[in-house]
Amino acid sequence: MSAAPAVETTPAPTVPSTRTAVLAIGALAIGAFAIGTTEFVTMGLLPDIAAGVDASIPSAGHLISAYALGVVVGAPVIAALGARLPRRGLAMGLMTAFVVGNALSALAPGYGTLVLARFLAGLPHGAFFGVASLIAASLVPDRLRGRAVSSVMLGLAVANVVGVPAATWLGQAMGWRSAYWAVVLIGAVTVLAVLLVVPALPGRAEATIRSELGALRRPQVVLTLLFGIVGFGGMFALYSYIAPLLTDVAGASASFVPVALLVFGVGMIIGTALGGRLADRALFPSLLGAVVALGGFLLAVVVLAGSTGALLVAVFLTAGASSVLAVCLQLRLMEVAGEAQMLGAALNHSALNLANALGAWLGGLVIAAGFGYRAPSLVGAGLAVLGLGFLAVSAVLRRRELAAA
């Protein structure tokens, strides 16, 4: 009798060393830092950019919307298309596309081409965070997945404290194009760092576009996305109008606004680091606690807005709670997306950009209606409560699924 033919099996992945994991996550966090810098520096340089491309400031504001639209469109499409690709190569390719988009922004001769360049720069944003989150989670034991993912997202938080102010200063001193060239440089460093220190990891060979996008038919994915868009929108309702809240309500000088933004950024860093640890302990309760805390702190902003010191404390706590929420949302979407984890992680950034648009729009409506600059934070607290409704439906549905299993 002839021997049975040998069956090829995929070798079990080796557990990387702690040093490898730390270096790889650090490289991916540099990319997150570059993305966070370019996402928000346009706001700080809006008057300079408007003058540079001969546009009005309201028209230049569409550059921010173009980038956000790129994130919303690019995240699910690129994540679905790239699920089969080796993850290190995909991360490098996405960051290279990001570099090209920002180089085109720096080279744009006029307003129309700059709008297109900002849209292109936003396309790889969400997908990069998706693949970076998967890489980070795969390099550590399951009990540390939350901390690994939050460490990548720390780059985004640190950008608000270091990258955005530095790039804004550079753009004001040497012309607005120099800020985008700085982002190009950081992105290029990321590509090289990922090549050198991130281990080669395979994609999902069995993935198809249909199977990946099929995650969008899962009720838990849809409910979590709706929760993120609505619940997280409250933070942006505050952040979008924080300057007039400080100057017109708290009585602070305009020069004090950067201090408040720094406090907000520090709160984001602490909240991001804390979010990973909380998610590792208990993901869903942490998600619930974060949105409840966010709603409570936004109410505190409304009550304490008349005192600069008390308002700063409330702003710091709001930033911390919102960052815990962002990390937990990322991990929750990875969890409920099933095999399409990269799509789930990428969709978080689509949700956050839609939350940005929703919070800023609703905040503007209540200000225009004459309710004052405290009103956006009150609207934000209401959005947090509304988000709780989607989370409650998700919990009930999960309980029924477990009962039926």
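Residues numbered from 1 in each chain as written. Predicted model: local features only at pLDDT ≥ 70, side-chain atom pairs only at ≥ 80, totals over all residues. Heavy atoms only, no water.

Points about the packing of aromatic side chains
Evaluation of the coordinates by the stated rule reveals four aromatic pairs. With a centroid separation of 6.2 Å and 80 degrees between ring planes, the pair formed by F128 and F129 is classed as edge-to-face. Of the residues examined, F129 reaches a relative accessible area of 0% and is grouped as buried. Relative to F264, the ring of Y239 has its centre 4.8 Å away and its plane inclined at 50 degrees; by these criteria the two rings are tilted. Of the two residues, Y239 sits in helix 11 (residues 233–239) while F264 sits in helix 13 (residues 257–281), which places them 25 residues apart along the sequence. (Phe/Tyr/Trp six-rings, centres within 6.5 Å; stacked < 30°, edge-to-face > 60°. Buried < 20%, exposed > 50% of the residue type's maximum accessible area, 1.4 Å probe, protein only. Helix = DSSP H or I, 4+ residues; strand = E, 2+ residues; numbered from the N terminus.)

Comments concerning a nonpolar patch on the surface
A cluster of nonpolar side chains, namely L69, V73, V77, L81, I209, L213 and L216, defines an oily patch on the protein surface of about 560 Å² accessible area. Looking at the nonpolar patch, the elements with two or more residues in it are helix 4 (62–82) and helix 9 (209–213). Take the nonpolar patch: its biggest share by element is four residues, from helix 4. Here L81 falls in the exposed class, since its relative accessible area comes to 54%. (Patch = residues over 30% accessible without salt bridge, like charges linked within 9 Å, V, L, I, M, F, W, Y side chains within 5 Å. Areas by Shrake-Rupley, 256 points an atom, 1.4 Å probe, with all protein chains shown as cover. Salt bridge = Lys/Arg side-chain N within 4 Å of Asp/Glu carboxyl O.)

What about the pattern of salt bridges?
Side chains bearing opposite charge may pair, as long as their charged atoms lie close to each other. All chains considered together, the criterion is met by six salt bridges. A salt bridge links R204 to E206; its shortest N-O distance comes to 3.2 Å. Note on R204: relative accessible area 13%, which makes it buried. Its relative accessible area of 52% is what places E206 among the exposed residues. In this structure, E401 and R398 form a salt bridge, with 3.7 Å as the shortest nitrogen-oxygen distance. Highlighted residues: E401 and R398, both in helix 17 (residues 375–404), separated by three residues, approximately one helical turn. The exposure class of E401 is partly exposed, given its relative accessible area of 33%. Given the relative accessible area of 42%, R398 is considered partly exposed. What you see here is one network of salt bridges that share partners, running through R204, E206, E212 and E339.

A short note on the side chain of H349
Structurally, H349 is set in helix 16 (residues 341–368). Taking the relative accessible area as the measure of exposure, H349 reaches 2% and is therefore buried. At 3.1 Å, the side chain of H349 forms a polar contact with the side chain of Q330. Look past the residues within four positions of H349 in its chain and what remains in contact with it is V71, H125, G126, F129, M153 and Q330. (Polar contact = N/O pair within 3.5 Å; in protein donor to acceptor, adjacent residues only side chain to side chain. Contact = heavy atoms within 4.5 Å.)

A few points about unusual backbone geometry
Of note, the phi angle at D54 is positive, near 55 degrees, even though the residue is not glycine. Structurally, the position occupied by D54 is in the loop between helix 2 (46–52) and helix 3 (57–60). Overall, D54 belongs to the exposed group, its relative accessible area being 74%.

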